[in-house]
Amino acid sequence: MNALQLYDYLVFLFYFLIVAGYGYYVYKRKQVQSVSASHDYFLAEGSLTWWAIGTSLIASNISSEQFIAMSGNGFKMGLAIATYEWMAALTLIIVAVFFIPVYLKNKIYTMPQFLSQRYNGNVAMIMAVFWLLLYVIVNLTSILYLGALAINGISGIQLDLCMYGLAFFAIVIALGGMKVIGYTDVIQVVFLIFGGLVTTYLALNKVAELNGQTGMVEGFNYMFNQSGDHFHMIFDRNNPNYPSLPGLTVLLGGMWIVNLNYWGCNQYITQRALGADLQTARSGILFAGFLKLLMPIIVVLPGIAAYVIHMKGGLQTEMLDADGILNPDKSYPVLLNLLPVGLKGLSFAALTAAVVASLAGKVNSIATIFTLDIFKKKINTEASEKQLVRVGKITVVVAMLVAAVIAPFLGIDKKGGFEFIQEYTGFVSPGIFAMFILGFFWKKTSSNAALFATIGGFVLSVVFKFLPQLVNLGFLSDYGFATLVEQKDKTMAFEIPFIDRMGFVFILCVLLMVVISLWDEKRGIVSKGLEVDTKMFKVSNSFAVGTLIIVGLLVALYTIFW
């Protein structure tokens, strides 16, 4: 039933009052500092603990695209989609060891600031405008609209009301600044994980009932026995889902570009750690890595459970869209509608927590980039700290309202789920990551090379995308780098999987950036290197132990579910 009962609303009200009340408490306690220092407002400088940083990273990352779209991929292709989450755990360790020390050593607070400091103002301004457009038009609208669709499907509340309710809740949290976001994210993650685990337990219990049993373990065992093909992490070339996750290159190729760019070169994410000292930042990021290992249990297993129930004759009409076509992205909302009263309210709160935390984090990053990298540098260079905070708050409201107004007109619900988001973000990720990684560790990297990566990386991605329409790429299929895919005109053509495509574009960008930089050096153009000391990369014993535990768990998981 697509409706909430009284007890569901009471559970949700309890969640709302706790988050809003605690956020107000944090805001009032630090109000003097928040209105007098822009770095405190945008970065919560020096005030977030390791556990607040770690939970805030997860709260900002997990949203409707995971709960809805990744669960849908669990229905469609199984546990393999968890590679995005599990490889992120290892990526976070790399970011903590090699990226964060460089940012903190050079007192970098925003990604455009890094580009300005390392290259020049033109590169920084181009990317600042690009990130603002991307965050508002793509990310903010997607989180808001997909979240509203999910909540509408669970509660029956009107779609527009869901969307504006989420926007209002996120604005309330975001106006308090990064400190309020960081500490309320702790509560958001508690609801997210606890509510998500309850949903997973009940979903697996539903599966167990198909075999006349009860319990989570029995449900998992039955699910594993009935759908063993949904429990392989690495696909072979004959698997129909190979183009989405192309075998070993998931571990050795473009998936690294996806993760390292997202976790290491993304204002929305790195902002959580940039206001802390190195030890606190590293501890928080390591904690986020452990939480990442848990996420597939919450967002992938329910999708597989829905698949098994569907294959056994259940959810036959519930999984269909308005056109009567099977829609895997309906897996999670459909499962929530099977929950008993009260627990449905808890899962509803968990989903809302995921969406609101992501919205608040994203809109704070938008405000940070606009205020510190555009307003202060180009519009009012003499702006006081109080003015900067005021501009940041206005930006929060304006950005969220713009997203709410344009979201219904973008056809977001008709463009696919998690895989679509990853593929089309991948048009810009290789060039951006090449620009960052060379900027970090090769002092000769020039501004012209960075400009090439910004524009040329996107152009190369587009060329690789449409290359199958011009050239027969069948010769690459022998090496696993091309598969037959149906085109829009219903013809078949060999296409490079988008993860492999990202790897190829990244390699080309790096090679051409090296050539351009060496040419600039011959012409006497001096590049600005960052301050890098190898001692910065030394980690504490506790961090090393935590790293070994995560690596050991990942090796075990990939060995068991290979």
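Residues numbered from 1 in each chain as written. Predicted model: local features only at pLDDT ≥ 70, side-chain atom pairs only at ≥ 80, totals over all residues. Heavy atoms only, no water.

A. Structural context of the overall build of the chain. Scanning the chain from terminus to terminus reveals 24 helices and two strands. Look at the contacts in the chain between residues 6 or more apart in sequence, and 82% of them connect residues 24 or more apart. (Helix = DSSP H or I, 4+ residues; strand = E, 2+ residues; numbered from the N terminus. Contact = heavy atoms within 4.5 Å.)

B. Broad picture of the packing of aromatic side chains. Tallied over the entire structure, the rule returns 23 aromatic pairs. Ring geometry for Y15 against F169: centres 6.0 Å apart, planes inclined by 65°, an arrangement best described as edge-to-face. On the criterion of sequence distance, the pair formed by Y15 in helix α1 (residues 6-29) and F169 in helix α9 (residues 159-174) is long-range, its members being 154 residues apart. Accessibility classification places Y15 together with F169 in one group, the buried group. Through a chain of ring-to-ring contacts, three or more aromatic side chains come together here, namely F98, F99, Y103, F114, W131, F436, F440, F441 and F537. Positioned over the ring face of Y135 is K362, at 4.2 Å from the centre of the ring. The cationic tip of R501 hangs over the ring face of F427; the distance from NZ or CZ to the ring centre is 5.5 Å. (Phe/Tyr/Trp six-rings, centres within 6.5 Å; stacked < 30°, edge-to-face > 60°. Buried < 20%, exposed > 50% of the residue type's maximum accessible area, 1.4 Å probe, protein only. Lys NZ or Arg CZ within 6 Å of the ring centre and 35° of its normal.)

C. Inspection of helix α4 (residues 50-61) at higher detail. Here α4 contains twelve residues, and its C-alpha end-to-end distance of 17 Å stays within 8% of the 16 Å for a straight helix at 1.5 Å per residue. In terms of burial, α4 is a largely internal element, ten of the twelve residues being buried. Inspection of α4 places A52, I53, G54, T55, S56, L57, I58, A59, S60 and N61 among the buried residues, and these make up the whole buried set. (Expected span 1.5 Å × (residues − 1).)

D. How the structure looks around the packing of helix α6 (residues 83-105) against helix α21 (residues 429-441). Closest axis-to-axis distance for the α6/α21 pair is 11 Å, and the angle between their directions is 70°. When the axis of α6 is compared with that of α21, the two are roughly perpendicular. In the packing of α6 onto α21, the handedness of the crossing is left-handed. Contact with α6, carried on its side by F98, F99, V102 and Y103, involves F433, F436, I437, F440 and F441 of α21 and no other residues of that element. (Axes fitted to C-alpha atoms, helices over the stretch in contact; angles between N-to-C directions. Parallel < 35°, antiparallel > 145°, perpendicular 65-115°, else oblique. Left-handed = near helix turned anticlockwise from the far one by under 90°.)

E. Highlighting the pattern of salt bridges. As enumerated under the stated definition, the model contains four salt bridges in all. Close ionic contact of D373 with K377 constitutes a salt bridge, the shortest N to O distance being 3.8 Å. Of this pair, D373 and K377 both sit in helix α18 (residues 343-379), four residues apart, roughly one helical turn. Overall, the relative accessible area of 3% leaves D373 in the buried class. A salt bridge links K444 to E521; the shortest N-O distance between them is 3.6 Å. Of this pair, K444 sits in the loop between α21 and α22 (447-466) while E521 sits in helix α23 (residues 498-522), and the two are 77 residues apart along the sequence. (Salt bridge = Lys/Arg side-chain N within 4 Å of Asp/Glu carboxyl O.)

F. Focus on unusual backbone geometry. A positive phi angle, near 50°, is found at K107, a position not held by glycine. By relative accessible area, which is 56% here, K107 ends up exposed.

G. Molecular detail of a nonpolar patch on the surface. A cluster of nonpolar side chains, contributed by L6, Y7, L10, L13, L17 and V341, occupies part of the molecular surface with about 630 Å² of accessible area. By secondary structure assignment, the location of V341 is in the loop between α17 (331-336) and α18. With a relative accessible area of 47%, V341 lands in the partly exposed category. (Patch = residues over 30% accessible without salt bridge, like charges linked within 9 Å, V, L, I, M, F, W, Y side chains within 5 Å. Areas by Shrake-Rupley, 256 points an atom, 1.4 Å probe, with all protein chains shown as cover.)

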